[in-house]
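# Structure at a glance
Spelled out from the first residue to the last, the chains are:
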There are 2 protein chains.
Amino acid sequence: MRNFDIEKYKKEGELAYSKRADIEKLADTVTARGYNNIVIIGIGGTWAEWHPVVHVMKRYTDLPIYLENAAELCVKKDKRFLTKDSLVITASASGNTKEILNAVKMCKDMGIEAVGFSKDMETPLAKELTYTIANPCGDCEHSYVMYFMLALKLLANRGEFPNYEKFADQIGGIFDNLIRIREEFDPKAADIARAYAKEPYNIFVGSGTLWGETYLFSMCILEEMQWVRTKAVTSADFFHGTLELVEKDVPVFLFKGVDEYRELDNRVEKFCEKFTDKLTVIDIADYDLKGIDDEFKVICSPMILTALVTERLAAHYELNTGHSLEFRRYYRQFEY
Amino acid sequence: MRNFDIEKYKKEGELAYSKRADIEKLADTVTARGYNNIVIIGIGGTWAEWHPVVHVMKRYTDLPIYLENAAELCVKKDKRFLTKDSLVITASASGNTKEILNAVKMCKDMGIEAVGFSKDMETPLAKELTYTIANPCGDCEHSYVMYFMLALKLLANRGEFPNYEKFADQIGGIFDNLIRIREEFDPKAADIARAYAKEPYNIFVGSGTLWGETYLFSMCILEEMQWVRTKAVTSADFFHGTLELVEKDVPVFLFKGVDEYRELDNRVEKFCEKFTDKLTVIDIADYDLKGIDDEFKVICSPMILTALVTERLAAHYELNTGHSLEFRRYYRQFEY
């Protein structure tokens, strides 16, 4: 597969999974300390990665959980929920995302500790956090695995996710699954990219547990890394404006999930089948997991989608646009 | 002004404001009944109209307030917050929005009453609601005035918005202000529409109290009613993907607010001034209100923006695209 080193990927997967003990220790430490709500701080891609984690947590707990945009959290007036009794969690792979650093510093000024993930213990973020878990690879699927282990261990400690041990035992096998799933999808990724990489406008639709990744792929991959024009919209909102832009030659990408929002995705699919010749459906139900129980399939769905699109499809887009995924003209190129 | 009948508008404004006593009675009734959270249900344009109302409420209260998408609320598993102790509020101008009706029926099946707004007492929605406030005109600015009166009276009854009487007395004067503001802006609206109505792709940026209206104008007006391709993004998220799409000839519309998010808007403005020749800034600070105290300017900001863009700019877009605002090819044209 283009730009994919299986051996390297396996090693990175093992490394990410090897943080399980660290992550569980962090969960136990903050559980012992106590907290009355959870405030998760992200921005851009990290906000999007935390989105399904928060979404899943809310299915199991009544605890107030806030997913906050770091830049907005710093300025907003309505932040009474952020107190010394909050468990603040954040992440920045680079460890130098300006907005995240500002938000963590603001928390510290308020006497509130923050914990989180960064590529190593030497990043500016790691130096601000009370407890840092190393996420050396930092790609979305490693992040999802680590974030979900932390989130679900926290719920397990509250008695709200009793199958945590089984989940954590099985999730170590996700990377082998994602290699096989990549191999199944790769020829399709090549076809999709060949067909659509140069389209002037693209609609992306997703919902529920897949909304974060839908947003991430359209904005952080195609817009930021490929300069491709996109419109991302939820399956519910699609019918309140964006539907009018669908025409025979307008590409619509639908990312179908396996959670309870699937019926909203089905409605989009049925509509788009009639009105565009350029509908691409990527359906999580088409991809089996071996050694991971069905009860965890929803949790794994953003991991599968990120392997399919944010990694595989992006690699083929790059080849067809001729535009390197590494190249930015503005983002982090200078102060703004 | 094109397609704007001042006398009719004045009468509609008076009619909307005349509901003040009804609205306050509703607030008092539900306050007497008691509730432990507020669940506001919208979809598309109504979701967007409630967005600034919820945003402002959270600046004044700790009470949990949930702004829910009607279609998602019906399917989602994590709806423990929705109980018999919830105050459920909704709105549908037509009174027959399918997703809103389904959500209200679901609430009733759960033994939960809902109150809200609809054009008259005969709509399907009004028949499902325990208490309906008539919103006969139903345009955004009338809706904002009515929704804010209800929201802030609820907070006043909790002792959290002590200046409610002053606000409600003064807000009756908003419509005269919005006529004058329209007249000031109208020549600019004509210029903007002439310059950009046929652009193939348009970025819309806003934040905080203006995010709902930014989203509404781009999706419910330009996409739905004009078939114009848009990307709406918050001022914070703009810097995490969409910025890479800015080029000299890419139109960016920035809606600048007067709340604490303004510094995020300023950052977008500074960036875009350098990298596009097609930047349009619509700044709420440029529009004074007479007879309404500065302390209420943030609350009035979405009313001002909707008069400027959703009404005036749309009227000029229509003239330049030649595409009637009344015409849809799919939306509500058949079952889907």
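Conventions used here
- Residues numbered from 1 in each chain as written.
- Chains lettered and ligands numbered in written order.
- Predicted model: local features only at pLDDT ≥ 70, side-chain atom pairs only at ≥ 80, totals over all residues.
- Heavy atoms only, no water.
- 1 Å grid on protein atoms, 1.4 Å probe; cavity = no way out; pocket = protein on both sides within 12 Å on 5 of 7 lines; lining within 4 Å.
- Points joined across faces, edges and corners; volume = space filled by probe spheres on them.
- Pairing = 2+ DSSP bridges.
- Helix = DSSP H or I, 4+ residues; strand = E, 2+ residues; numbered from the N terminus.
- Axes fitted to C-alpha atoms, helices over the stretch in contact; angles between N-to-C directions.
- Contact = heavy atoms within 4.5 Å.
- Buried < 20%, exposed > 50% of the residue type's maximum accessible area, 1.4 Å probe, protein only.
- Right-handed = clockwise from strand over helix to strand, strands pointing away.
- Least-squares fit on C-alpha atoms with pLDDT ≥ 70 in both.
- Phe/Tyr/Trp six-rings, centres within 6.5 Å; stacked < 30°, edge-to-face > 60°.
- Buried area = accessible area lost by both parts, 1.4 Å probe.
- Salt bridge = Lys/Arg side-chain N within 4 Å of Asp/Glu carboxyl O.
- Polar contact = N/O pair within 3.5 Å; in protein donor to acceptor, adjacent residues only side chain to side chain.

## Observations regarding empty space enclosed by the protein
In the structure shown here, the tally under the stated rule is one cavity of 30 Å³ or more. What lines the largest cavity is simply Ser235, Ala236, Phe239, Leu264 and Arg267 of chain A together with Ala71 and Glu99 of chain B.

## Describing the sheet that holds strand 1 (residues 37-42) of chain A
All names here are of chain A. Sheet architecture is open: five strands sit in the order 2-1-3-4-5, paired in parallel fashion. Looking at the sheet topology across the chains shown, the edges are occupied by strand 2 (65-69) and strand 5 (131-134). The mean angle between the axes of side-by-side strands here comes to 20°, regardless of whether they run parallel or antiparallel. Direction of pairing for strand 1 relative to strand 3 (residues 86-92): parallel, over a ladder of five bridges. Paired with asparagine 37 across the two strands is serine 86, which belongs to strand 3. Lying over the sheet, helix 5 (residues 98-109) contacts strand 1, strand 3 and strand 4 (114-118), oriented at roughly 155° with respect to strand 3. In this fold helix 7 (residues 140-157) packs onto strand 1, strand 3, strand 4 and strand 5, with an angle of close to 170° to the strand it touches most, strand 3.

## A word on the sheet that holds strand 9 (residues 279-283) of chain A
Residue and element names in this part refer to chain A. Taken in spatial order, the four strands make up an open sheet running 7-6-8-9, and their pairing is parallel. In this open sheet, the two edge strands, each paired with only one partner strand, are strand 7 (230-234) and strand 9. Geometrically, the sheet is characterised by an average inter-axis angle of 20° between neighbouring strands, direction not taken into account. Sheet analysis places strand 6 (residues 202-206) next to strand 8 (residues 252-256), joined by three bridges and oriented parallel. Note on strand 8: the bridge partner recorded for valine 205 is leucine 254.

## Observations concerning the pairing of strand 2 (residues 65-69) of chain B
Residue and element names in this part refer to chain B. Burial runs high along strand 2: four of the five residues are buried. Bridging between strand 1 (residues 37-42) and strand 2 involves five bridges; their strand directions are parallel. In the sheet register, isoleucine 38 faces strand 2, and the bridge partner there is isoleucine 65. Crossover handedness for the path strand 1 to helix 3 (residues 45-60) to strand 2: right-handed.

## Considering the pairing of strand 8 (residues 252-256) of chain B
Residues and elements named next belong to chain B. The buried fraction of strand 8 is high, at five of five residues. Judged by which residues are buried, strand 8 turns out to be covered on both faces: Val252, Leu254 and Lys256 on one side and Phe253 and Phe255 on the other are all buried. Two elements, strand 8 and strand 9 (residues 279-283), share five bridges in a ladder whose sense is parallel. Among the inter-strand pairings, valine 252 is bridged to a residue of strand 9, identified as leucine 279. Once you follow strand 8 into helix 11 (residues 262-275) and on to strand 9, the crossover reads as right-handed.

## So, the relation of the copies chain A and chain B
Between the two copies of the chain lies a rotation about an axis combined with a shift along it. Relative to chain B, chain A is turned by 180° and slid 0.0 Å along the rotation axis, the superposed coordinates differing by an RMSD of 0.0 Å. Considering both components of the superposition, the chain copies are consistent with a two-fold axis. Within chain A, lysine 231 of chain A has its C-alpha nearest the rotation axis, a separation of 2.8 Å. With an isologous cut-off of 70% or more, the 100% of interface residues of chain A that recur at the interface of chain B puts this contact in the isologous class.

## Considerations on the packing of aromatic side chains
All names here are of chain A. Under the defined criterion, the tally for this structure stands at 60 aromatic pairs over all chains. Judged by centre distance (5.9 Å) and plane angle (75°), the ring pair of tyrosine 9 and phenylalanine 175 falls under edge-to-face. With a gap of 166 residues between them, tyrosine 9 in helix 1 (residues 6-17) and phenylalanine 175 in helix 9 (residues 174-196) connect regions that are remote in the sequence. Judged by relative accessible area, which is 5%, phenylalanine 175 ranks as buried. Plain terms: the ring middles of phenylalanine 161 and phenylalanine 296 are 6.4 Å apart, the flat faces sit at 45° to each other, and that makes the pair tilted. Remark: phenylalanine 296 occurs in the loop between strand 9 and helix 12 (297-321) and phenylalanine 161 occurs in the loop between helix 7 and helix 8 (164-171); sequence separation between them is 135 residues. Phenylalanine 296 carries the same exposure label as phenylalanine 161, and that label is buried.

## Things to note about the interface of chain A and chain B
At the interface, 58 residues of chain A touch 58 residues of chain B. The junction of chain A with chain B conceals about 5,700 Å² of combined surface from both sides, 54% of it contributed by carbon and sulfur atoms. Together, His240, Glu244 and Tyr330 of chain A form the three largest contributors to the area buried by chain A at its contact with chain B, with a combined 15%. Put simply, chain A and chain B have ten salt bridges between them. Between chain A and chain B we count 34 residue pairs in polar contact (both at pLDDT 80 or more) in total. Going through the elements one at a time, helix 3 (45-60), helix 4 (70-75), helix 5, helix 10 (211-226), strand 7 and helix 11 (262-275) of chain A are the ones with two or more residues in the side of chain A that touches chain B. Ranked by residue count, the leading element in the side of chain A that touches chain B is helix 10 of chain A, at six residues.

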